[in-house]
Amino acid sequence: AEDACIRGDFYMGPGSKVANSELISSVVLAGSKVENSRLERALVMRNCKVDGARIINSILGDGCIVKHGAEVLNAVLADNTVVESGQRIDEGRRV
């Protein structure tokens, strides 16, 4: 993890990358990339890309992409979901 602030329990899977981000009690599985983001109690499954986003109390399925300025709060995203820049998904939604 490059220039990352990590607090609480944390796991990074093989081949994953975390840079310039804050992670609190989160898991980032194999092949996922998290940059310039804040994750709190998040599970990021395999091969996801999160850049400049906020993910809190949420699960991202395999292959999800969360773009700059997006927020995923208290939600579960199905595999290969794309959250566009500035989009907000919250209130226990399943997408």
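Structure report, in brief. Remember, predicted model here, so these are calculated numbers, not experimental data.

This part is about the nonpolar core. Among the nonpolar cores identified, the biggest contains 20 residues, and L39, I55, L60, V66 and V72 are the most heavily contacted of them. With residues near it in sequence (within four places) discarded, V72 still touches R54, I55, I56, S58, L60, V66, L77, V83 and I89.

The next point concerns the pattern of salt bridges. Under the counting rule described, the total for this entry stands at 10 salt bridges. The salt bridge partner of R88 is E71, with a shortest N-O separation of 3.1 Å. Remark: E71 occurs in strand β11 (residues 71-73) and R88 occurs in strand β14 (residues 88-89); sequence separation between them is 17 residues. Because the salt bridges share partners, they merge into one network encompassing R7, E22, R38, E40 and R41.

The rules behind these values
- Residues numbered from 1 in each chain as written.
- Predicted model: local features only at pLDDT ≥ 70, side-chain atom pairs only at ≥ 80, totals over all residues.
- Heavy atoms only, no water.
- Core = buried A, V, L, I, M, F, W, Y, C linked by side-chain atoms within 4.5 Å.
- Buried < 20%, exposed > 50% of the residue type's maximum accessible area, 1.4 Å probe, protein only.
- Contact = heavy atoms within 4.5 Å.
- Salt bridge = Lys/Arg side-chain N within 4 Å of Asp/Glu carboxyl O.
- Helix = DSSP H or I, 4+ residues; strand = E, 2+ residues; numbered from the N terminus.

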